[in-house]
Amino acid sequence: MSGAAPLLRATGIEKRFGALVAASEIEISIAAGERVSLIGSNGAGKTTLVNMITGYLKPDAGSIALAGRDITALHPRAIARLGVARSFQVPQLYPALSVLENMLVAIACRGERLSFWQAARRADALHGADALLERFGLAEHRERRVAELPGGVRKLLDVAMALTGQPQLLLLDEPTSGVSAEEKFPMMDIIMTALGAVPMTVLFVEHDMDIVSRYADRVIAFASGRIIADAAPALALASDDVRRHVTGAPGPG
Amino acid sequence: MNLAFTIAIDALSYASWLFIVALGLTLVFGVLKILNIAHGSFYALGAYAAASFVAWFAAWKFAPGWSLVAMLLAAVVVAALVAPVTERGLLRFFYGRDEVLLVLVTYAMFLILEDATKLIWGTNPYYVSAPYSLFGNVEIGPQVYVGYDFVLVGIAVIVGAAVWWGLNRTRRGKIVLAVIHSEEVAASMGVDVSRVYMAAFTVGIFLAALGGAFTAPMISVQPGVSVGVIIVSFAVVIIGGLGSIEGAAVGALIVGLARSLAVHLAPVAELFSIYIVMALVLMVRPEGLFQQTQARKI
Amino acid sequence: MAVSPPAGPTRSTSVIGGVALTAALLVAGAFLPKWLTFLVTMAAARGLVSLGIVLMMRGGVVSFGQGLVFAIGAYAAALAFKRFGWSDAVGLVFVGGVMAMLVAAPFAPLLSRYRGIFFAMLTLALSMVAFGVLVKTESLGGSDGFNMGRPTVFGQALGDAHVGYVLYAVTIIVAGALALGARAYFDSTRGLVSLAVRENELRVEYLGGSVRRAMAINFVLAAFAGGAGGALTVMSLGHIDPNFSYWTTSGEFVFVAILAGSQSVFAVFVASTVLEVVRSFSSLYFPNTWQLSLGLFLLFVIRFLPRGIGSLWVDRAPWRRSGGGR
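Residues numbered from 1 in each chain as written. Chains lettered and ligands numbered in written order. Predicted model: local features only at pLDDT ≥ 70, side-chain atom pairs only at ≥ 80, totals over all residues.

Section: the overall build of chain C
No. 1: Secondary structure assignment for chain C yields 14 helices and 2 strands.
No. 2: What you see for chain C is a C-alpha radius of gyration of 20 Å, in line with the 20 Å of a compact globule of 326 residues.
No. 3: The dimensions of chain C, computed from C-alpha atoms along their principal axes, are 65 × 45 × 40 Å.
No. 4: In chain C, which comprises 326 residues, the proportion classed as buried is 57%.
No. 5: Sequence separation of 24 or more characterises 80% of the internal contacts of chain C that already satisfy a separation of 6 or more. (Helix = DSSP H or I, 4+ residues; strand = E, 2+ residues; numbered from the N terminus. Rg over C-alpha atoms; globule rule 2.2 N^0.38 Å. Buried ≥ 20, exposed ≤ 12 C-beta atoms within 10 Å, placed from the backbone. Contact = placed C-beta atoms within 7 Å.)

Put into structure tokens, the structure is as follows:
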């Protein structure tokens, strides 16, 4: 640890939906450059946390800070513009547009003020889009309409779009879900390699423990809205709590 | 006091007319999820058919009282002939598509039916005067009303009660309600949704044609009759809530009252009063007064 | 690193094409019979109104009340002429466009929250409110409306022999300029984000783009186009009445927009011309079946050409063909 301020700091987060405890006493501190995996069974609180970081849910109590700046009450778009990017479990793309156009939209939204005049396809935007497409191995699909693409390609595009504008913090929601077993590792390789080009702080929600142990520096495990483990993968995955609530018995913790 | 009474009577009379017309529109939307611009065209067909049937009954030397039967028959015939052709022959190819797209399809239907009516009946106006004098005149206070004007009130009550009873008290009606509420669930429980569609659409057309048929004696039946009806019935249905029967009744009363107030107190507002209410409802509570559906994206 | 030629026609291609077409029409207009130049004038002016609808369609909503801005633009221009003596044709176009924008702007934030049927119904309701108000406003001629005299161009009055062609030329030039502007907007970052909004609003928001702002801007720009089209129409028609705001008028603009599709600006004017041609010939030869033809035509387009006639050339163009590499 360099001793520098954490990139993301969540303190005392509480969130309830009626009787359901979605988050309780959540304390997280993530340094820049860390690769952290969030694990837990469905309903354990991982997605709730992601939604609170991106601003779509406001915690009942507690605060969230990005690079020292309190973002708890900020509008989701403002948080996005501060450099928080998210990819989705079900890829959120623009089906009727081409892969390139999808990237151009992302670049435009993340860039300077949108223009009534400046072409979306101007040279610097195209270079930026093409560079990312190369890194993700999507260059061959450049002109294809997204609706026609296979699932694995769509997931990669979803992540590539999140990377536009050089975000500070990348949230990947189940990046390998819905992808066949043989494709999971290659996909994660592509993603992590693409990320490796710049130091990037990544939080990824994952259910596949092999992926977790291979790609995460650190694991935070959730159960019933609480954190039950926060350590390196080897330690966290071996803990009794995690075995009981997450990896061991099936069903919600 | 007299003015208030006059306003109330006018409001009730206009509201009855609105209710009969709008009920069919809201029913079709509730079941098929189609906002039917051509609804007014079916109204016009009913009016024209009534003109023809009344004339035939007169030519066959039926007593004037039978003209009421003629008008009812006209509505039935229009529904029986037009509904299956339209639903099976056209609409069903677009089910499940975007709701605005369906509105455009019904707009095309409206255009087609406008000319179809002209081709069948010509462009000269028809006057269905015989039935209008059937009920004599009614004196209420200083005002003299034509008895026929209250026929619509009676029909509105009968139709409203019939539809309510049919939907809530019969087995078939409850199936229709189930489809209105959730088509997917109903289908998964074995309901033949396409038959429900057909039935609902036919009833909807029948109600529109009925409105047209019984209004025919009060107006001159000519091209363009549909145009005003369409827009006013949209207003009622939006105000009351798309797909809601109670909403159609309340919406009709509100619009009837708004227009009556305008006509008697502020004639300058007569035309836009209805659309102001429609716009206000859309701005404040877009799903209408009786709906649960989400209309706005925050 | 892949060096990729830009897909689609370049900006300069569009500009050159647009200018060339405008010039060709201007030249041709000098030799065409008066009824034809009038028809094209109406097609171009009304095409602008439909262009506004297409702008909003690219964001995913269909307005059934474009007659509102059409009427406001026309009434504004006619009133500026009649009451204030402003007579310059191009100036009146601006009056129409700006007034329509000013009236529409307060509604933009509200309307930016609506979609689908409710957006259609609210725009419809607003246009019918305007209709109701206009019909009852005696000082504006009530349901009869009023006539408008001849505008001037560059300070010159227009004689009988020239007025048709001059107004045609003004309309073609203004429409051409706005069409090029629309094309630039479609190709701009805002234009692309509009398309994205239509496809997936959620993702746009997560990327930091504002969906509501995009929709509101589309609405206001569409109002300007509609108002400008209204001003151009009233100048050539010489008459304005509340029917400009009636729902059936709005319906015709929607018809043209659907026929054209939302990808090609040129297609909008082609579609508008088709409507004007059908309208003119019908009143002569088949007055009782032209709406029938329009209706059948619309059904055909909805069923078989859902992306409009513009898709006939935009989708087939080489840079649009999907599949395989490049």
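Overview of the interface of chain C and chain A
Much of the literature gives interface size as the accessible area that the parts lose upon coming together.
No. 1: Tallying the contact residues gives 32 residues for chain C and 37 residues for chain A.
No. 2: At the level of elements, α7 (160-187), α8 (189-199) and α9 (201-206) of chain C are the ones that each hand at least two residues to the side of chain C that touches chain A.
No. 3: The element that contributes the greatest number of residues to the side of chain C that touches chain A is α8(C), accounting for 8 residues.
No. 4: A class-by-class count of the residues in the side of chain C that touches chain A yields 14 nonpolar, 11 polar and 7 charged. (Nonpolar A, V, L, I, M, F, W, Y, C, P; charged D, E, K, R; others polar.)

As for the nonpolar core
No. 1: The biggest cluster of nonpolar side chains holds 313 residues, and the ones touching the most others in it are A:A221, B:A50 and B:A209.
No. 2: Two domains each provide a minimum of three residues to this core, namely domain 1 (1-83 + 170-253) and domain 2 (94-166) of chain A.
No. 3: Leaving out residues up to four positions away in the same chain, B:A209 has contacts with B:F42, B:Y43, B:L45, B:G46, B:A49, B:A74, B:A75, B:V78 and B:A79. (Core = buried A, V, L, I, M, F, W, Y, C linked by C-beta atoms within 7 Å. Domains from an automatic or database assignment.)

Some points on helix α4 (residues 99-121) of chain B
Residue and element names in this part refer to chain B.
No. 1: Between the first and last C-alpha of α4 there are 32 Å, a value that for 23 residues agrees with the 33 Å anticipated at 1.5 Å per step.
No. 2: A large share of α4 lies buried, amounting to 17 of its 23 residues.
No. 3: Backbone geometry just after α4 places G122 at a positive phi near 80°. (Expected span 1.5 Å × (residues − 1).)

What to know about the packing of α8(C) against helix α10 (residues 211-237) of chain C
All names here are of chain C.
No. 1: At a minimum axis distance of 10 Å, the contact between α8 and α10 shows a crossing angle of 110°. Between α8 and α10, the angle is such that the two are roughly perpendicular. Considering the relative orientation of α8 and α10, their crossing is left-handed. Contacts between α8 and α10 involve R190, V193, S194 and V197 from the first element and V211, A214, M215, I217 and N218 from the second.
No. 2: Taken together, the residues of the contact of α8 with α10 sort by class into 6 nonpolar, 2 polar and 1 charged. (Axes fitted to C-alpha atoms, helices over the stretch in contact; angles between N-to-C directions. Parallel < 35°, antiparallel > 145°, perpendicular 65-115°, else oblique. Left-handed = near helix turned anticlockwise from the far one by under 90°.)

Notes on the pairing of strand β4 (residues 61-66) of chain A
All names here are of chain A.
No. 1: Across 5 bridges, strand β1 (residues 8-17) lies against β4 in antiparallel orientation. Its bridge partner being in β4, R9 is matched across the sheet by A65.
No. 2: Relative to strand β5 (residues 69-70), β4 runs antiparallel, the two sharing 2 bridges. Residue pairing in the sheet places A65 in a bridge with D70 of β5.
No. 3: Where β4 folds back on β5, the antiparallel hairpin that results is connected by 2 residues, among which A67 adopts a positive phi of roughly 50°. (Pairing = 2+ DSSP bridges.)

A look at the domain arrangement of chain A
Residue and element names in this part refer to chain A.
No. 1: Along its sequence, chain A is organised into domain 1 (1-83 + 170-253) and domain 2 (94-166).
No. 2: Each of domain 1 and domain 2 has a C-alpha centre, and these two points are 26 Å apart.
No. 3: Each partner contributes residues to the interface: domain 1 has 12 residues there, and domain 2 has 11 residues.
No. 4: Those elements that place two or more of their residues in the side of domain 1 that touches domain 2 are β7 (169-173) and α6 (181-196).
No. 5: No other element matches the 5 residues that α6 contributes to the side of domain 1 that touches domain 2.
No. 6: Of the residues that constitute the side of domain 1 that touches domain 2, the class distribution is 10 nonpolar, 1 polar and 1 charged.

A closer look at the environment of A:G40
Residue and element names in this part refer to chain A.
No. 1: Tracing the sequence through the fold places G40 in the loop between β3 (35-39) and α1 (46-54).
No. 2: Classification of G40 as buried rests on a count of 27 C-beta atoms within 10 Å.
No. 3: C-alpha separation for the pair G40 and V242, spaced 202 residues apart in sequence, amounts to 8.2 Å.
No. 4: Among all residues touching G40, those that are not within four sequence positions of it are G45, K46, A221, F222, A223 and V246.

A look at the interface of chain C and chain B
No. 1: Listed as interface residues are 34 residues of chain C and, on the opposing side, 37 residues of chain B.
No. 2: Those elements giving two or more residues to the side of chain C that touches chain B turn out to be α6 (116-136), α11 (247-260) and α13 (290-304) of chain C.
No. 3: Ranked by residues supplied to the side of chain C that touches chain B, first place goes to α6(C) with 14 residues.

Quick word on the sheet that holds β1(A)
The strands making up a sheet are joined through hydrogen bonds of the backbone, oriented either antiparallel or parallel.
No. 1: Here 4 strands make up an open sheet; going across it, the order is β2-β1-β4-β5 (chain A) and the pairing antiparallel. Every other strand in the sheet has two partners, leaving β2 (20-30) and β5 of chain A as the edge strands with one partner each.

Quick notes on the arrangement of the chains
No. 1: For the 2 pairs of chains in contact, the largest share of contacts goes to chains A and C.
No. 2: In this view chain A stays clear of chain B, with the nearest C-alpha atoms of the two still 13 Å from each other.

Comments concerning the confidence of the model for chain A
No. 1: Predicted confidence across chain A gives a mean pLDDT of 89, with 96% of residues reaching 70 or more.
No. 2: Helix α3 (residues 99-110) of chain A holds the highest mean pLDDT among the elements of chain A, 95, whereas helix α9 (residues 240-247) of chain A holds the lowest, 81. (pLDDT = per-residue confidence, 0-100.)

Observations regarding the sheet that holds strand β10 (residues 226-231) of chain A
Residues and elements named next belong to chain A.
No. 1: Pairing in this open sheet of 6 strands is mixed, and the strands run β6-β7-β8-β3-β9-β10 from one edge to the other. Every interior strand has two partners, whereas the edge strands, β6 (84-87) and β10, have only one. With direction set aside, neighbouring strand axes in the sheet form an average angle of 20°.
No. 2: Across 4 bridges, the pairing between β3 and strand β9 (residues 218-223) is parallel. Bridge pairing links V36 to R218 in β9.

As for the pairing of β7(A)
All names here are of chain A.
No. 1: Most of β7 sits out of view: 5 of its 5 residues are buried.
No. 2: Burial along β7 is two-sided: L169, L171 and D173 and L170 and L172, pointing in opposite directions, are all buried.
No. 3: Looking at chain direction, β6 and β7 are connected through 4 bridges and run parallel. Within β7, the position partnered with V84 by the bridge is L169.
No. 4: One ladder, built from 5 bridges, connects β7 with strand β8 (residues 201-205); its direction is parallel. In the strand pairing of β8, L169 is matched with T201.

So, unusual backbone geometry
With glycine set apart, most residues show a phi of negative sign, and most peptide bonds adopt trans.
No. 1: One non-glycine residue, A:E174, lies in the positive phi region at around 50°.
No. 2: Tracing the sequence through the fold places A:E174 in the loop between β7 and α6.
No. 3: Looking at A:E174, the number of C-beta atoms within 10 Å reads 21, which means it is buried.
No. 4: For B:K33, which is not a glycine, the phi torsion comes out positive at approximately 60°.
No. 5: Structurally, B:K33 is set in the loop between α1 (2-32) and α2 (39-59).

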